[in-house]
Amino acid sequence: MAADGPSPRVRQLIRDGAERALDPPAHWHAELEEAIFRGPAGARIAADPELAASTRRAILSNLTSWIAANVRAPGEPVPADVSDVPLTLARDLVRRGLDETALDAYRAGQAVAWQHWMEIAFDLTDDPAELRALLAVTATSIADFVEATVAEVAVRMAATREELSRDLQAERRTLVSLVLRGAPVSASRIRAGLGYTVDGDHHAYVVWSDAAEPDVEGIDRVAEALAPATRSGRAVSVVASTGTRWVWTSDAVDLVTLKRLVGPGVRVAAAGPHAGVEGFRRAHLDALAVQRLLGGPAGAGGARAAVHHDEVAVALLASADREVAARFVIATLGDLVSADTDLQETLRSFVRHHCNATEASAATYTHRNTFLRRLRRAEALLPDGAVDRPVELGVALEVLRWRGGGDLR
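Residues numbered from 1 in each chain as written. Predicted model: local features only at pLDDT ≥ 70, side-chain atom pairs only at ≥ 80, totals over all residues. Heavy atoms only, no water.

1. Structural notes on the packing of aromatic side chains
The geometry of two aromatic rings is summed up by the distance between their centres and the angle between their planes. Just so we agree on the cut-off: Two aromatic rings, drawn from Phe, Tyr or Trp (for Trp, its six-membered ring), form a pair once their centres lie within 6.5 Å of each other, and the interplanar angle then sorts them: stacked below 30 degrees, edge-to-face above 60, tilted otherwise. By definition, any uninterrupted DSSP run of H or I lasting at least four residues is a helix, any uninterrupted run of E lasting at least two residues is a strand, and each is numbered from the N terminus. Only protein chains enter the accessibility calculation, which uses a 1.4 Å probe; a residue is then buried when its area is under 20% of its type maximum, exposed when over 50%, and partly exposed in between.
A full pass over the atoms with the stated rule returns three aromatic pairs. Seen in terms of ring centroids, Trp 66 and Trp 117 are 5.4 Å apart; in terms of plane orientation they differ by 85°. Their pairing is edge-to-face. On the criterion of sequence distance, the pair formed by Trp 66 in helix α4 (residues 49–72) and Trp 117 in helix α6 (residues 104–124) is long-range, its members being 51 residues apart. Side by side, Trp 66 and Trp 117 carry an identical accessibility label, which is buried. Their ring planes at 10° and their centres at 4.2 Å tell us that Trp 248 and Phe 280 sit as a pair that is stacked. Of this pair, Trp 248 sits in strand β3 (residues 244–249) while Phe 280 is found in helix α11 (residues 276–294), placing the two residues 32 residues apart along the sequence.

Structure below.
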């Protein structure tokens, strides 16, 4: 073949062959259909009469497009078939839960069509050079055309899948919003709308990022990993916003596993269990409360990647009114509020271990003498009389730990 395309003689042969292919023998269609419905995906398509008909139309449209293009301009590149027929098939495949493996039907059709095209080609000429050029040109043309069409259909499938996902998420958000507002939504309606049973216990998770440009893939990866980390594997996820996912599971993800799942820039607030429809709501509201407590990047609390409601229950209780809580922390801890976190954690451990320095130093893996030096420095920063009020100290230190000191002064 010349650099500028096939010779005039080869072009004429291609046109002659294409004109013959416009009116193929009846058995060609039967062989084509047998090929495109072969294999697991093909069997699923064949079992659905409407989808099977859509697939037949798309494959025939594909063949007809290539043949017609070579009648008009033999040997020229044929653009992908982006007519309504193959694009309708793309939507139909996605709506029935099939993925891009179903597009192997195009390649199966290509293999059968090539066999029939060779039969035509061998009838067109006895000249070996002409036949070689004819087959070389058309083999490349058919392969390029089919792959280009498959790529276009795959793009439309991806777009349809995203569109359906958005629609599903919108429906889920609407239903979840009703439940969270306390609307009288039945368990059967929730089950139908979310694909999730609300009769048992529920654990709720808020997966989010505070970043200006959230790592959406990272957030989704954590949200999607929660269900497999439970015993039952049952969960439902809702896209609350670009940087936030709400998730419910019927079994708990233990805190160690949860912390391991969370990646850089992604955080998780967890709560539960609570039972029934009201428990579905209560667990979520508790998880939101944890998220609010940890909200913002400042302070030690902001650095915690995965936190359960049980860990921060005292801090939540004391922080119901953030301004009052801030005044309480400052009044109770004095200059310790702005001290190194090592000193704050030393005093916190001391209080949690019933003011037993030996137990507290062991729990923090700190030499007792070092622990005592830090404890004396921490106590020196407290207001007069504070060391005699261990309960208030413990509550104030919990609030400080989770809220951080950056917004208290």
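2. A short note on the pattern of salt bridges
Counted only if it meets this: One side-chain nitrogen of Lys or Arg within 4 Å of one carboxyl oxygen of Asp or Glu is enough to make a salt bridge.
For the structure shown, the criterion picks out 14 salt bridges. One salt bridge in this structure joins Arg 282 and Asp 286, with 3.1 Å as the shortest N-O distance. Linking Arg 282 with Asp 286, this pair stays in helix α11, spanning four residues, or about one helical turn. Overall, Asp 286 belongs to the buried group, its relative accessible area being 11%.

3. Concerning helix α7 (residues 128–180)
Keep this limit in mind: Expected helix span is given by 1.5 Å per residue-to-residue step, counting one fewer step than there are residues. Distance and chemistry together define a polar contact, namely a pair of N or O atoms within 3.5 Å, with one atom able to donate a hydrogen and the other to accept it when in protein, and with adjacent residues in sequence counting only for side-chain atoms on both sides.
Under the 1.5 Å per step criterion, the end-to-end length of α7 is 76 Å for 53 residues, consistent within 8% with the ideal 78 Å. Residue Asp 127 occupies the N-cap position of α7, its side-chain oxygen lying 2.8 Å from the main-chain nitrogen of Ala 129. Where α7 ends, the next residue or the one after it, Gly 182, has phi of about 85°, a positive value.

4. Here we look at the nonpolar core
In plain terms, the rule: Side-chain atoms within 4.5 Å are what join buried Ala, Val, Leu, Ile, Met, Phe, Trp, Tyr and Cys residues into a set we call a nonpolar core.
Ranked by size, the top nonpolar core spans 53 residues in total, and within it Leu 194, Trp 246, Trp 248, Phe 280, Leu 333, Leu 336 and Leu 347 carry the most contacts. Ranked by the residues each element gives to this core, the list is headed by α11, at eight residues.

5. Here we look at the pairing of strand β4 (residues 267–275)
For clarity, the threshold we go by: Paired strands are those between which DSSP finds at least two bridges.
Where strand β1 (residues 201–208) and β4 come together, seven bridges link them in antiparallel fashion. Residue Asp 201 lies in a different strand from β4, and its bridge partner there is Ala 275.

6. Some points on the environment of Gly 75
Our working definition: By the convention used here, residues are in contact when the closest approach between their heavy atoms is within 4.5 Å.
By the element assignment, Gly 75 lies in the loop between α4 and α5 (84–95). Residue contacts for Gly 75: discarding those within four places in its chain leaves Pro 6, Arg 11, Ile 14, Asn 70 and Val 137.

7. So, the sheet that holds β4
Here is the rule: A fitted line through C-alpha atoms represents every axis, and for helices the fit uses only the stretch in contact; the resulting angles, taken between N-to-C directions, go from 0 to 180 degrees.
Spatial ordering of the open sheet is given by β2-β3-β1-β4-β5, a layout of five strands whose pairing is mixed. At either end of the open sheet lies a strand with only one pairing partner, and these are β2 (235–241) and β5 (306–308). Shown here is a sheet whose adjacent strand axes are inclined to one another by a mean of 20°, direction ignored. As judged from the six bridges shared by β2 and β3, these two strands associate in the antiparallel manner. Directly across from Val 238, in β3, lies its bridge partner Trp 246. Helix-sheet contacts for α7 involve β2 and β3, and the interaxial angle to β2 is about 95°.

8. A few points about unusual backbone geometry
A negative phi angle is the norm for most residues apart from glycine, just as the trans form is the norm for most peptide bonds. Cis rather than trans, the peptide bond between Gly 272 and Pro 273 has omega equal to 10°. If you trace the backbone, Pro 273 turns up in strand β4. The phi dihedral of His 354 falls on the positive side, at around 55°, and the residue is not glycine. Of note, His 354 is situated in the loop between α15 (341–352) and α16 (357–363). Since its relative accessible area comes to 70%, His 354 is described here as exposed. The backbone phi angle of Cys 355 is positive, close to 60°, even though this residue is not glycine. For Cys 355, the position within the fold is in the loop between α15 and α16. Look at Cys 355 and you get partly exposed, because its relative accessible area is 39%.

9. A few points about the packing of α6 against α7
Put simply, the rule is: Here roughly perpendicular refers to angles of 65 to 115 degrees, roughly parallel to angles under 35, roughly antiparallel to angles over 145, and oblique to all remaining angles. Handedness of a crossing follows from how the near helix is turned relative to the far one, being left-handed for an anticlockwise turn of less than a right angle and right-handed for a clockwise one. Polar here means any residue outside two lists: the nonpolar Ala, Val, Leu, Ile, Met, Phe, Trp, Tyr, Cys and Pro, and the charged Asp, Glu, Lys and Arg; Gly therefore counts as polar.
Running from N to C, α6 and α7 cross one another at 160°; their axes reach a closest spacing of 11 Å. In terms of orientation, α6 and α7 fall into the roughly antiparallel class. The crossing of α6 and α7 is right-handed. Note on element contacts: α7 touches α6 through Leu 131, Leu 134, Leu 135, Thr 138, Ala 139, Ile 142, Ala 143, Val 146, Glu 147, Thr 149, Val 150 and Val 153, opposite Tyr 106, Arg 107, Gln 110, Trp 114, Trp 117, Met 118, Ala 121, Phe 122 and Leu 124. Its residues assigned to classes, the contact of α6 with α7 comprises 16 nonpolar, three polar and two charged.

10. Observations regarding the confidence of the model for the chain
Heads up, the rule is: What pLDDT expresses is the predictor's confidence in each residue, scored from 0 to 100.
Scored by pLDDT, the chain has a mean of 85; 95% of the residues are at 70 or more. No element of the chain has a lower mean pLDDT than helix α12 (residues 299–302), at 39, and none a higher one than helix α1 (residues 8–21), at 94. Counting contacts from residues 296–303, a segment whose pLDDT is below 50, to residues more than four positions away or on other chains yields 16 contacts.

11. Some thoughts on the packing of helix α2 (residues 26–36) against α4
Interaxial distance between α2 and α4 falls to 11 Å at its minimum, and their mutual angle equals 120°. Regarding the angle of α2 to α4, the classification is oblique. As α2 packs across α4, the resulting crossing turns out to be right-handed. Residues His 29, Leu 32, Glu 33 and Ile 36 of α2 lie in contact with α4, whose contacting residues are Thr 55, Arg 56, Ile 59, Leu 60 and Leu 63. Grouping the amino acids of the contact of α2 with α4 by side-chain chemistry returns five nonpolar, two polar and two charged.

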